[in-house]
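Coordinate analysis (summary)
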Amino acid sequence: MNNPRVYVDPPLQEGQQVALDPSTSHHLMRVLRLNVGQIITVCDGQGNDYRATLLPPRGTGRQQQVWVTLGSCQPNKAEHAHALHIGVAPISGERFERMLEQLAEMGVVSVTPLLTERTNVRQISEPKLQRWRRVATEASQLAGRGSPLRIAAPMRLVQFLQTADDGCLLHQLAAPAPVTFEYNHLAVGPEGGFTNAEVSMAGGRGWHCWSLGPRNLRVETAALVGAVLSLH
Ligand code: SAH
């Protein structure tokens, strides 16, 4: 089994002692039941993995913190050379969270919840966003990633289209996607789909609109297939 992986904000350096936050400490001590002297991987979220040794915890109760000594540093090998950012209209319930886990495992760099004309889940509360971020980080840890999948602040489609000149908007009624599919930015619509006006707006901004076939895919299926095509 891989060593448990935790992300700690940089800068980090070999030989340094660092404290892990109380919730990570709780997970390592109470859930995984690790002991002093055991080895974990501490990652700075920028692609550097440190072999770290657990020291005795300090503090008590909910504030108890595990400390570690950082040993040798190695570059993380689990990140794609191709950076993929996906904007996707949120769907309610657990389906969105399962999708985030899968996109984290695939190596997607960021997911931006998109607000479109037909997005149902307009109210994306701060606690929900925090929960999505936790889900994304935990899935990225388990996948061994050097940087966790980032969940950006929700954005209107028009703004997301402005973040890149040549992304791809996925739309069932567009022409079939080409064999070579090398986009860094993908947009996936809500359950009701993108409106014709949104599809034209994307085209007007230099984005390509492609279909993944004649079937009506669920939001999360379209996002996953788009990620597979872009990353392989
Ligand atoms: N009937 C809707 C389907 C929405 S499905 C429509 O007319 O578009 C939700 C999103 O998944 C769509 O907005 C699109 O981004 C993506 N999607 C679903 N099926 C797709 C397909 N066959 N090709 C490309 N994208 C698709």
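Since this is a predicted model, take the numbers as computed values, not measurements. (Residues numbered from 1 in each chain as written. Predicted model: local features only at pLDDT ≥ 70, side-chain atom pairs only at ≥ 80, totals over all residues. Heavy atoms only, no water.)

**Points about the sheet that holds strand β4 (residues 48–54)**
In plain terms, the rule: Note: two strands are recorded as paired if DSSP finds a minimum of 2 bridges between them. Strands here are runs of E lasting at least two residues and helices are runs of H or I lasting at least four, both read from the DSSP assignment and numbered beginning at the N terminus. Orientation is described by lines fitted to C-alpha atoms, with helices fitted over the stretch in contact, and by angles between N-to-C directions that extend from 0 to 180 degrees.
Taken together, the five strands give an open sheet; going across it, the order is β1-β3-β4-β5-β2, and neighbouring strands pair in mixed fashion. The open sheet terminates on both sides in strands that have one partner only, identified here as β1 (5–7) and β2 (17–19). Pairwise comparison of adjacent strand axes, ignoring direction, gives a mean angle of 40 degrees for this sheet. Inspection of the sheet shows β1 paired to strand β3 (residues 39–43) by three bridges, in the parallel sense. The residue bridging R5 from the neighbouring strand is T41, located in β3.

**Things to note about the pairing of strand β5 (residues 67–75)**
Inspection of the sheet shows β2 paired to β5 by three bridges, in the antiparallel sense. Residue pairing in the sheet places A19 in a bridge with W67 of β5. With six bridges joining them, β4 and β5 adopt antiparallel strand pairing. Directly across from Y50, in β5, lies its bridge partner C73.

**Here we look at the site of the ligand**
Threshold: Here a residue is considered near a molecule or strand provided that any single heavy atom belonging to it is located within 4 Å of it. In the analysis that follows, any N or O atom pair within 3.5 Å is treated as a polar contact, provided that within protein one partner can donate a hydrogen and the other can accept it, and provided that, for residues neighboring in sequence, both atoms belong to side chains. In this description, accessible areas are obtained by the Shrake-Rupley approach with a 1.4 Å probe, and a residue is regarded as covered only by the protein chains that are shown. Grid points spaced at 1 Å and placed over the protein atoms alone form the basis of the search, with a cavity being a set where a 1.4 Å probe fits but cannot get out and a pocket an open set showing protein on both sides within 12 Å along at least five of seven lines. Lining residues have an atom within 4 Å of a point. Here the criterion for a molecule occupying a pocket or cavity is that more than half of its atoms lie within 2 Å of the pocket grid points. In this classification, Asp, Glu, Lys and Arg are treated as charged, Ala, Val, Leu, Ile, Met, Phe, Trp, Tyr, Cys and Pro as nonpolar, and every other residue, Gly included, as polar.
Taken together, 18 residues form the shell around the ligand, and within it L170, G189, L212, G213 and R215 come nearest. One nitrogen or oxygen atom from the main chain of L212 is found 2.7 Å from a nitrogen atom belonging to the ligand. R215 places a polar main-chain atom, nitrogen or oxygen, 2.7 Å from a nitrogen atom of the ligand. When the free accessible area of the ligand is taken as 530 Å², the share hidden by the protein chains comes to 90%. If you map the ligand onto the pockets, it falls in the second largest pocket. Those elements giving two or more residues to the shell around the ligand turn out to be β10 (168–176), β12 (208–211) and α6 (219–231). With three residues, β10 is the largest single contributor of residues to the shell around the ligand. In terms of residue class, the shell around the ligand is made up of nine nonpolar, seven polar and two charged.

**Topic: the nonpolar core**
Selection rule: Buried residues of nine kinds, namely Ala, Val, Leu, Ile, Met, Phe, Trp, Tyr and Cys, make up a nonpolar core once their side-chain atoms join them within 4.5 Å. Burial classification: accessible surface area is computed with a 1.4 Å probe over protein chains only, and a residue below 20% of its type maximum counts as buried, one above 50% as exposed, and the rest as partly exposed.
Among the nonpolar cores identified, the biggest contains 31 residues, and I86, L103 and V108 are the most heavily contacted of them. Those elements that place two or more of their residues in this core are β6 (85–88), α2 (94–106), α3 (126–143), β10, β11 (185–188) and α6. With six residues, the top contributor of residues to this core is α2.

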